[in-house]
Amino acid sequence: MAYQHKLAEKLTILNERGRGVLIRMKHIKTICTDPQLRPSFLSEKPMESAVKYINKKFPNLDPRGNVQNLSIIQKQKTEILMSLTGYYQSFIDVMEFRDHVYELLNTIDACQCFFNITVNFGFTKNYLDLIVTYTSVILMLSRIDEKKVLIGMYNCAHEMSNGTSDPSYPRLGQMILEYDHPWKKLMEEFGPHTKAVTEAVLSLQLVYPRRNLAAEQWRMAQLLSLLSVTANMLTPVSCDTIPCEYLSMETMERWIIMGFLLCHSSLSTNPNSQELWKMALRSGLYITLIRDEMLNIHKVTEDIFDGIKGYNKRIADIKECREYAIANCGAFHKEKRHFLRNAIKELTKVLEDEPGLLGPKALYVFMALAFSRDEVLWLMRHSENVPKTKTPEDYVDPQLAELLFYMERLKTLLIQYNSVLQRYHLLYLAQFDALVLNDTIQNMNVCPEEESILMTSFVSSLSTLSIKQVENGEEFDLRALRLDWLRLQAYTSVAKAPLQLKDFPDLAKIMNMIEFHTKMMDGVEALLRETSDLSTLCFYSRVYEKMFAQGCEDVTMQRYLIAFPVVCSHFSQCTHQMCPEEVKRKSLSLCAGFLEEISNLAGSVILEICAEQCNLDDQLLPKHCAHTISTARNKKQKKQAPKKGEVQREKPGTESLRKDRAIATNMDKLHVALSELCSTFSYWNHFTVWGHIIIPAEFLISQLETRLSKIIVRMANYNKATQEIARPSDLLAGIKAYTSSLYVMSKYMNIDITRLVKNVLLQQTQPLDSHGEQTITTLYTSWYLEGLLRQASSAVIVHCPIMHCFVSQPNENEASFKAEEYSDVSELQALAGLIGPYGLKFMTENLMWHITSQVTELKKLTTENMDILVQMRANFDKPEVMANLQNKLQASENVLKRMTIIGVILSFRTMTQATLGDVTLGVFELASSAGLACDIDPALVSAIASMRADGSSVDEEYKLSCLLFVYIAVSLPILASCPSFLFSTGHHNNIHCLATAINQLSAAMFTVLNKNIEQHLKEFLLVRNFLLRTARDVCFLNFINLLLNIQDMLESCFPYVLMRNAYREVYKASVVTLG
């Protein structure tokens, strides 16, 4: 009996199993053709003889015989068994699958089952799927060139390890030999099944021609339009063959092509078979076996029929169909895609506005998705292998992004409004379908017990549905009902069944409709995978990337580009539990690549807008006002107008004057492009790819961070060779212009520009950014040290305390920059605003490194003259002794020069710290980091403390420090003989910076040693007998005055008359110098 054969269950299980086996065969072929993945035994030089022997003798191998070629296998048998077990078991799975398919097909033939896709859809579909899957498995097996080696080598290793060959090896080896010519063997196997296969395939003549219409016929019928007849907008979509309406076109073409290849006898006798077969041959050039493995249908069919007598006419038909397909199918499908883009767009817009229409028009949605999916996959298959044609552009579609986008929007709508679908179809099932089904059952004159039980359960299951289940959020599971319907189809399709389903087409119609309605309750996601699965695209990554690149070039498609990475989120659906390792997570890198490219496009546009705005803002800077003032002054004084040939400079703001608003400026075009690109980021806030949550806006932020960092560094215009750099105030103005322009993006999309700007500017306060590139902190630190302070050390640039800046001195060589333009208060404030406390900390560390380098050299000089300095410290009150010792002292000028350099650096450090307080508030980790003045510089203290040698004692360091200041004190009289002219209360040779150096260096060094600073400064001054000899020098006395502003300490060290005269002379000199 049909009940005992369990045909429905076996078809379902075998189809799932067969797909897994097919994917395993594809995976093995992929591995074996990849040099990096294939088993090492197939490529090793010592294995070549064994591989050749196995290929030649397979399957009759004798591992236990004295075969020299197999000796290498004996040495590596354990490794071979471990490596090849998976491959061998996969081939065993093929053999077992073949056995089960044989058994089931013979059972179906014995039962004389009836097949009609419009009546017993599920049963017929499963039957045809099994045939195609089985054929594809055998074809994939034949495409694995290394199958004999894998099987034979495994069996040899098995026999060498266990003393006997694997029990399945003889049958497996025989099967491999039988399928050396797969099509020939397959046609022999399907000879007994010709009647059933032909009947099932021929039933497609009621569906396939109607589905394979041209775009113009679709357009005339206003297919998929909800607005064509507004009166029917709320009418539920229904037809007699609901499951056939969204059935894949490629699936039907596979059924037809492979079905008539396996059972080709009807092509010579049945005109309907010929017509259906030719129609499939004209629709394209390739069909898919699995993944990216394709079958060239014309070539394969011609090769097979060429060996069959009496098929010359069929071969002529094949050639005619091939020529027709090459000439017409490209344009045919191009027009279909064009129609679907507009139709699916209209459908999406209407449903977004009125999601309640998803209930009655759900079938339209799935039809639109299925039609679009078919066209996308057709394009991918044929773009990979474009035929020689006069119109290759038909196989390229730069507007594919729009079609993919609206497919994803429709899918999102279905998932978002799933409750609408459930509510509508629950009422439909309970209040219409159950009643119609019950009436249909009551009108049946024959109803056996088993079938009666099933149909009664259908009615009772549907009648118990309640709207409260939807309101309470209950999960529905109607899979049992659908499986029972498949069982009922199998029971009623057997020839001797009491109840023949073909005699009750109304029952089949209502049950097929009920099956679709139940899927709206609990199987929307599964139906979406069935109708719109594009996961196969991950195997066409090269073509997919090419289509994306073409979309990027089309401005009108840029708002839809997000569809490409979103489609990548579905790639995980193509995995199978029998081959989980097949698909690598390349979809993640593919998705990231798409988003980075979109972000790059958006980033280029927004940064071009920023650059344009920066140029406009630059025209308003004070440095450009001189020309405007001069022009106004000349006009007021009625001076001669400029000559005709002279180019008149436009005033800022003239770019905003328009005579015609229709004329689009460059800025208009940029904003349009920005709005398009930003909108593509706004459609999906996030989606998931292989378990990773992807947030598209973050890619844009990351891209902008990277590029904005490079732009800021580039705006600094640093040239190491010529030591040129932009003024800090100019760079700060440019950054402010860029920042204000970036906020334009927040009008187009939800993006945190504040976080973006903070991240970029915070990175610029560090020596290196997150990518390891130099920042403006590094550039400005390098320039101020190498460009400004180095020249200040050589007295080309002078520190001017009263002006709080450095000033370039006039010289014969033209200076590359004016120091006052980079070191005045406003520029240093701008510098502090650019690099902040962290940047100034880095600059301070570099300054301190230079100071410690000078201090190290000073200590070396002190050590070299230590004996003399010890005597001078002990005899500073004996002028004669001091004079003799002074003559013996060496490198006094070097000491003063190095101390001047330290003073210049510390003066610059003081200036930068003073400006820091103007731009930061509340930063008190260290007083200096907030710009607060400190009597003792903590950075200098830290730098001096780090200089202490590991082996030196505190006493030695203390002695060396005291002698260093004695050295400095006794070297000061040299200044009396040096030419030194006052310059804005400073000196041309920067000797006034000695005061800063002595004050801060002594404070830092004695703080590190935990000694009294005032006491040691007093000792420094008490070398008075020696100092009084040169007290006539005004500059020197001025230096003493600058050194210590503590009146009591000066008066305790110098006579009152000397102090009075010194102050008077300094005052007179300052009047002369300053005017």
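Owing to the predicted nature of the structure, the values given are computational and were not obtained by experimental measurement. (Residues numbered from 1 in each chain as written. Predicted model: local features only at pLDDT ≥ 70, side-chain atom pairs only at ≥ 80, totals over all residues. Heavy atoms only, no water.)

Caption draft 1: Quick look at the overall build of the protein. A count of helices and strands for the protein gives 49 helices and eight strands. Scored against the burial criterion, the 1075 residues of the protein give a buried share of 53%. Taking the contacts inside the protein whose residues are at least 6 apart along the sequence as the reference set, 79% of them involve residues at least 24 apart. (Helix = DSSP H or I, 4+ residues; strand = E, 2+ residues; numbered from the N terminus. Buried < 20%, exposed > 50% of the residue type's maximum accessible area, 1.4 Å probe, protein only. Contact = heavy atoms within 4.5 Å.)

Caption draft 2: Layout of the nonpolar core. Membership of the largest hydrophobic core comes to 229 residues, with the highest contact counts inside it found for Tyr544, Met745, Tyr784, Phe806 and Met899. When neighbours within four sequence positions are excluded, Phe806 is seen to be in contact with Leu788, Leu789, Ala792, Ile797, Val798, His799, Ala819, Glu820, Ser823, Val904, Phe908 and Met911. Listed in part, the 116 residues of the second largest apolar core include Ile31, Val101, Met187 and Ala497. (Core = buried A, V, L, I, M, F, W, Y, C linked by side-chain atoms within 4.5 Å.)

Caption draft 3: Up close: the packing of aromatic side chains. For the structure shown, the criterion picks out 34 aromatic pairs. Centre to centre, the rings of Phe115 and Phe123 are 5.2 Å apart; their planes meet at 15 degrees, and the pair counts as stacked. Directly above the ring of Tyr324 sits Arg282, whose terminal nitrogen or CZ lies 5.8 Å from the centroid. Across from the ring centre of Trp684, 5.6 Å away, lies the NZ or CZ of Arg409, which sits over that ring. (Phe/Tyr/Trp six-rings, centres within 6.5 Å; stacked < 30°, edge-to-face > 60°. Lys NZ or Arg CZ within 6 Å of the ring centre and 35° of its normal.)

Caption draft 4: View of the environment of Thr915. Residue position: Thr915 is located in helix 40 (residues 892–919). In sequence terms Thr915 and Ala830 are 85 residues apart; their C-alpha atoms lie 8.6 Å from each other.

Caption draft 5: Region of interest: the pairing of strand 1 (residues 286–290). Counted residue by residue, strand 1 has five buried out of five residues, so it is predominantly covered. As judged from the four bridges shared by strand 1 and strand 2 (residues 293–296), these two strands associate in the antiparallel manner. By the bridge assignment for strand 2, Thr288 is matched with Met294. Linking strand 1 back to strand 2 in an antiparallel pair, the connection comprises two residues, with Arg291 at a positive phi of about 55 degrees. (Pairing = 2+ DSSP bridges.)

Caption draft 6: Here's a closer look at the pattern of salt bridges. Counted by the stated rule, this structure contains 43 salt bridges. For Lys29, the salt bridge identified is with Glu293, shortest N-O distance 3.0 Å. Here Glu293 lies in strand 2 and Lys29 lies in helix 2 (residues 7–33), a separation of 264 residues in the sequence. What makes Glu293 buried here is its relative accessible area of 9%. The partner of Arg409 in a salt bridge is Glu352, with the nearest N and O atoms 3.1 Å apart. (Salt bridge = Lys/Arg side-chain N within 4 Å of Asp/Glu carboxyl O.)

Caption draft 7: Examining the packing of helix 37 (residues 825–864) against helix 42 (residues 954–971) more closely. Where helix 37 meets helix 42, the axes come as close as 9 Å, and the angle between the chain directions of the two elements is 90 degrees. Classified by the interaxial angle, the pair formed by helix 37 and helix 42 is roughly perpendicular. Only Glu957, Leu960, Leu963, Leu964 and Tyr967 of helix 42 make contact with helix 37, whose side of the interface consists of Leu858, Lys859, Leu861, Thr862 and Thr863. Residues that form the contact of helix 37 with helix 42 fall into these classes: six nonpolar, two polar and two charged. (Axes fitted to C-alpha atoms, helices over the stretch in contact; angles between N-to-C directions. Parallel < 35°, antiparallel > 145°, perpendicular 65-115°, else oblique. Nonpolar A, V, L, I, M, F, W, Y, C, P; charged D, E, K, R; others polar.)

Caption draft 8: Molecular detail of the pairing of strand 6 (residues 805–808). Bridge analysis of strand 5 (residues 797–800) against strand 6 gives four bridges, and the strand direction is antiparallel. Within the sheet, the bridge partner assigned to His799 lies in strand 6 and is Phe806. In this structure, the hairpin formed by strand 5 and strand 6 is closed by a connection of four residues, where His804 is found at a positive phi of approximately 55 degrees.

Caption draft 9: Fine view of the packing of helix 9 (residues 182–189) against helix 14 (residues 249–262). At a minimum axis separation of 8 Å, helix 9 and helix 14 run at an interaxial angle of 80 degrees. It follows that helix 9 is roughly perpendicular to helix 14 by the angle criterion. For the pair helix 9 and helix 14, contact is made by Trp183, Leu186 and Met187 and by Met258, Leu261 and Leu262, respectively. Across the contact of helix 9 with helix 14, the residue classes tally to six nonpolar, no polar and no charged.

Caption draft 10: Region of interest: unusual backbone geometry. With an omega of 0 degrees, the peptide bond between Phe58 and Pro59 qualifies as cis. Examined against the element boundaries, Pro59 turns out to sit in the loop between helix 3 (48–57) and helix 4 (71–75). In the Ramachandran plot, Lys6 falls in the positive-phi region, its phi being about 50 degrees despite a non-glycine side chain. Relative to the elements of secondary structure, Lys6 occurs in the loop between helix 1 (2–5) and helix 2.

Caption draft 11: Representation of the side chain of Asp668 within the structure. Following the sequence through the fold, Asp668 ends up in helix 31 (residues 666–682). Overall, Asp668 belongs to the buried group, its relative accessible area being 18%. Contacts of Asp668, omitting those with residues within four sequence positions, involve Arg658, Arg661 and Ile663.

Caption draft 12: Quick peek at a negative patch on the surface. On the surface, Glu608, Glu612, Glu650 and Glu655 cluster together into a negatively charged patch. Tracing the backbone through its elements, the reader meets Glu650 in the loop between helix 30 (625–636) and helix 31. (Patch = residues over 30% accessible without salt bridge, like charges linked within 9 Å, V, L, I, M, F, W, Y side chains within 5 Å. Areas by Shrake-Rupley, 256 points an atom, 1.4 Å probe, with all protein chains shown as cover. Lys, Arg positive; Asp, Glu negative; His and termini not counted. Charge placed at Lys NZ, Arg CZ, Asp CG, Glu CD.)

Caption draft 13: Fine view of the confidence of the model for the protein. On average, residues of the protein carry a pLDDT of 86, and 88% of them reach 70 or more. In the model of the protein, strand 7 (residues 982–983) stands out as the element of lowest mean pLDDT, 44, in contrast to helix 6 (residues 121–142), which has the highest, 97. Considering only residues more than four positions removed or in separate chains, one finds that residues 920–926, a stretch of pLDDT under 50, has seven contacts. (pLDDT = per-residue confidence, 0-100.)

Caption draft 14: Structural view of helix 3. Here helix 3 has its buried residues at Ala50, Val51, Tyr53 and Ile54. Across the axial projection of helix 3, the buried residues extend over an arc of 165 degrees, all falling on one side. When the buried face of helix 3 is taken as reference, the exposed residues oriented beyond 90 degrees from it are Lys52 and Lys56. Those residues of helix 3 that are buried lie in contact with helix 4 and helix 7 (147–162). (Arc of directions from axis to C-beta.)

Caption draft 15: Layout of the environment of Gln431. Position of Gln431 relative to the elements: it lies in helix 21 (residues 418–442). Its relative accessible area of 54% is what places Gln431 among the exposed residues. Taking the C-alpha atoms as reference, Gln431 lies 7.6 Å from Ser463; in sequence the two are 32 residues apart.

Caption draft 16: Broad picture of the side chain of Thr107. Tracing the sequence through the fold places Thr107 in helix 5 (residues 77–111). Once residues lying within four places of it in the same chain are set aside, the contact partners of Thr107 are His5 and Leu7.

Caption draft 17: Fine view of helix 14. Helix length check: helix 14, at 14 residues, gives a terminal C-alpha distance of 20 Å against a target of 20 Å (1.5 Å per residue), a fit within 8%. Most of helix 14 is tucked away: 14 of the 14 residues are buried. Sitting at the amino-terminal end of helix 14 is Ser248, which places a side-chain oxygen 3.3 Å from the backbone nitrogen of Glu250. (Expected span 1.5 Å × (residues − 1). Polar contact = N/O pair within 3.5 Å; in protein donor to acceptor, adjacent residues only side chain to side chain.)

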